[in-house]
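# Residue-level structure breakdown
Residue-level listing of the chains:
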Amino acid sequence: MSRSLAIFGATGTIGDNALDLVDQHQDRFDVQVLSAQNNSDKLAQLAQKYNPEILVIGTQEGREALVQNLADFKGTIVVGEAGLLEAARHKVDVAVMAIVGFAGLAPAMTCAAQGGVLALANKEALVAAGPLLMQTAQQNHTQVLPVDSEHNAIYQLLQTQAQNPGHESAHKSIEKIVLTASGGPFRQHSLAEMAKVTPAQAVAHPNWDMGAKISVDSATLMNKGLELIEARYLFDIEPARLDVLVHPQSIVHGLVYFNDGSVLAQKGCPDMRVPLAYCMAYPERIASGAPRLDLAAQGRLDFEAADRDRFICLALAEAAMRADGDAPCVLNAANEIAVAAFLDGRLGFTAIGEVVDAVLQAHEVARVSGLDEVMAADLAARVGAEQQVKKLS
Ligand code: MG
């Protein structure tokens, strides 16, 4: 029996990797939903190849382009946010949520209510509304599996614990969860050097091939900060037991420290097909096509502490994680605005953290009990961040 599959954000890097796995295991997966925001040409090509039941495109113009390109298409084409939610309600065995940014939150919440597996690549959904998302998934028997390589590593490491009887005490035996960070392209830059960094330099990540937004987040270490918050909600672990370790080779993706002194680490060549294959075939393991880790050839693995004085975004994210409530949502929103301004050339690289800091400082942390409150906090933070961008640029 093949597994039905939805890929939200199908034309991005995660989409490419997920579809590469589909190509390697054609009898295993049946692609039923594909979505793209803007790239209607690529979506049309994918539709011809995979013949899904539902296509989602961001705009009406995009829809017209699809209709012109796909004269024989028998499925449904839906548009915009409403179309995305409609497609997210289509029941599939595995929904890969790879929409970038806050825009992925509402469709992720909808997927979490459908049962099956939610293979979550979007981190903002957990950051902005982690408790809500996990609660929705639990109530609807949806298994949330992390695509993010570090969380996928931790998930794998915790499996032996989860299979033990008395899961509660197993959870207590975890002393610390550590996510590794490559340190990004400016790991050894001084603050003065970082202030002059251009968008092109920030987007060139040493180990991972990713979209522009996530590459900038990796360069500021905000990505690792967001990942800590992600882990906090995904694994239901308190902030004091979460940490970051800089590891430039990106071979070790995550570590779990147990109370008996044992430390488990998950390793592998940096290739997104590894965590994707794990999520898409769970609980089976399937070939991913990733290169094999050759530790003798690798020779050495380096580790160093993260420098929170140079990478203030990491410290800001940790503070937001401790503050809880809507603080992570506000952090994320301010960061999205600041990164967009940086990519547009309206803001300096080090000013990204300054914008986020100013917005967080002006914000009074409130509890979050529903998606409406998350949306409101997000919007207010975006307005505040735009004002800060204008002040600083
Ligand atoms: Mg990651």
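Rules used in this analysis
- Residues numbered from 1 in each chain as written.
- Predicted model: local features only at pLDDT ≥ 70, side-chain atom pairs only at ≥ 80, totals over all residues.
- Heavy atoms only, no water.
- Axes fitted to C-alpha atoms, helices over the stretch in contact; angles between N-to-C directions.
- Helix = DSSP H or I, 4+ residues; strand = E, 2+ residues; numbered from the N terminus.
- Parallel < 35°, antiparallel > 145°, perpendicular 65-115°, else oblique.
- Left-handed = near helix turned anticlockwise from the far one by under 90°.
- Contact = heavy atoms within 4.5 Å.
- Donors = N, O, S within 2.8 Å, 3.2 Å for Na, K, Ca; no water.
- Buried < 20%, exposed > 50% of the residue type's maximum accessible area, 1.4 Å probe, protein only.
- Domains from an automatic or database assignment.
- Buried area = accessible area lost by both parts, 1.4 Å probe.
- Salt bridge = Lys/Arg side-chain N within 4 Å of Asp/Glu carboxyl O.
- Polar contact = N/O pair within 3.5 Å; in protein donor to acceptor, adjacent residues only side chain to side chain.
- Pairing = 2+ DSSP bridges.

## Considering the packing of helix α5 (residues 105–112) against helix α6 (residues 124–139)
Remark: α5 packs on α6, axes separated minimally by 9 Å, with the N-to-C direction vectors making an angle of 15 degrees. Viewed along their axes, α5 and α6 adopt a mutual orientation that is roughly parallel. Between α5 and α6 lies a crossing of right-handed hand. Packed against α5, whose contacting residues are L105, A108, M109 and A112, the element α6 presents A125, A128, A129, L132, L133, T136 and A137 at the interface.

## Topic: the coordination of the magnesium ion
Distances from the magnesium ion to its protein donors, D148 (OD), E150 (OE) and E227 (OE), fall within 2.1 Å. Counting the intervening residues between successive donors of the magnesium ion yields the motif D-x1-E-x76-E. Given a relative accessible area of 7%, E150 falls into the buried group.

## Remarks on helix α13 (residues 273–281)
By the criterion of burial, α13 is predominantly enclosed, with eight of the nine residues buried. Along α13, the residues classified as buried are R273, P275, L276, A277, Y278, C279, M280 and A281.

## Some words on the domain arrangement of the chain
Domain annotation for the chain reports domain 1 (3–146), domain 2 (148–323) and domain 3 (325–393). Facing 25 residues of domain 2, the contacting portion of domain 3 comprises 19 residues. For the pairing of domain 2 and domain 3, the buried interface totals around 1,700 Å² over both sides, and the portion due to carbon and sulfur atoms is 80%. Summed over the shared surface of domain 2 and domain 3, the number is zero salt bridges. Across the contact surface, domain 2 and domain 3 share one residue pair in polar contact (both at pLDDT 80 or more). Secondary structure elements with two or more residues in the side of domain 2 that touches domain 3: α9 (191–195), α10 (199–203), α11 (212–220), α12 (222–234) and α15 (312–323).

## Overview of the side chain of S35
Structurally, S35 is set in strand β2 (residues 29–36). On the basis of relative accessible area, S35 is assigned to the buried category, the value being 3%. Excluding residues within four positions of it along the chain, S35 makes contact with I7, F8, G9, A10, T11, L43, V56, L84 and I99.

## Some words on the sheet that holds strand β5 (residues 94–97)
Strand order in the open sheet formed by seven strands is β4-β3-β2-β1-β5-β6-β7, with parallel pairing between adjacent strands. The sheet terminates laterally at β4 (76–79) and β7 (142–146), the two strands that pair on one side only. When the angles between neighbouring strand axes are averaged without regard to direction, this sheet yields 20 degrees. Here β2 runs beside strand β3 (residues 54–57); their pairing, made up of four bridges, is parallel. Paired with V33 across the two strands is I54, which belongs to β3.

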